[in-house]
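Analysis of the macromolecular model
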Amino acid sequence: MKPGGDGGDDPPAHRLQLATAALLIEMAQADNQRHSMEFQAIHDGITEVFDLSPEETAEVIELADQEAHEATDHFEFTHLINEQFDYARKCQVVELLWRVCLADSEMDRYEEQLVRKIAELLHVEHGEFIAAKLRVQREYSANSHFSDYEDYE
């Protein structure tokens, strides 16, 4: 998944990192804005999931941003994730999507629709989709990220 390429020369692990980061970037842009808090959530999530250094994570995000810009749909990313990740890892991706969605303390309806769409493409059950959302809300609430979650339940 090199910019402008078919990804054939990239190792599978790198393509998977790019696919995951590209979905998170799409999430950050779903409300047509780019918030630094959302990109911090992307950075933290990619670092956590793939155990990368900050420099490696920044490089993946930069390349994934180009991939997301060039993509015509989410299928190329979700297809790769479906092939390579087990169910628990796919649920982890959905949780990362919620972290990005809620990072700016606002949830736009398009953001929620996108998380739902990607969760469906990843074949994540609705119960896991909701459980991930609630975990992120509790985590952010405990860290005083949000003062109130009542509007999100």
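Focus on the overall build of the chain
Of regular secondary structure, the chain possesses 7 helices and 0 strands. The secondary structure elements of the chain, listed N-terminal to C-terminal, are α-α-α-α-α-α-α. Counting all 153 residues of the chain, 47% fall into the buried class. Only carbon and sulfur atoms are counted for the fraction: they give 46% of the accessible area of the chain, which is about 7900 Å².

Here's the deal with the packing of helix α5 (residues 87-102) against helix α6 (residues 109-121)
Helices that pack against each other are described as a pair by the angle of their axes relative to one another and the distance between those axes. Where α5 contacts α6, the axes come no closer than 10 Å and their chain directions differ by 170°. When the axes of α5 and α6 are compared, the pair comes out roughly antiparallel. For the pair α5 and α6, contact is made by V94, L97, W98 and C101 and by E111, E112, V115, I118 and A119, respectively. A class-by-class count of the residues in the contact of α5 with α6 yields 7 nonpolar, no polar and 2 charged.

Quick look at the confidence of the model for the chain
Regions with low pLDDT carry predicted coordinates that are not meant to be interpreted in detail. Across the chain, the average pLDDT comes to 86, with 87% of residues at or above 70. Overall, residues 1-9 carries pLDDT values under 50, and its contacts beyond four positions in sequence, including any with other chains, amount to 19 contacts. Low pLDDT, under 50, characterises residues 146-153; the stretch is placed with 19 contacts to residues that sit more than four places away or in other chains.

Description of unusual backbone geometry
As a rule of thumb, non-glycine residues mostly have phi less than zero, and peptide bonds are mostly trans rather than cis. Look at D51: it is not a glycine, yet its phi comes out positive at around 55°. Mapped onto the secondary structure, D51 falls in the loop between α2 (36-50) and α3 (54-70). Among the residues examined, D51 registers a relative accessible area of 70% and is labelled exposed. One non-glycine residue, H123, lies in the positive phi region at around 60°.

The rules behind each value
- Residues numbered from 1 in each chain as written.
- Predicted model: local features only at pLDDT ≥ 70, side-chain atom pairs only at ≥ 80, totals over all residues.
- Heavy atoms only, no water.
- Helix = DSSP H or I, 4+ residues; strand = E, 2+ residues; numbered from the N terminus.
- Buried < 20%, exposed > 50% of the residue type's maximum accessible area, 1.4 Å probe, protein only.
- Areas by Shrake-Rupley, 256 points an atom, 1.4 Å probe, with all protein chains shown as cover.
- Axes fitted to C-alpha atoms, helices over the stretch in contact; angles between N-to-C directions.
- Parallel < 35°, antiparallel > 145°, perpendicular 65-115°, else oblique.
- Contact = heavy atoms within 4.5 Å.
- Nonpolar A, V, L, I, M, F, W, Y, C, P; charged D, E, K, R; others polar.
- pLDDT = per-residue confidence, 0-100.

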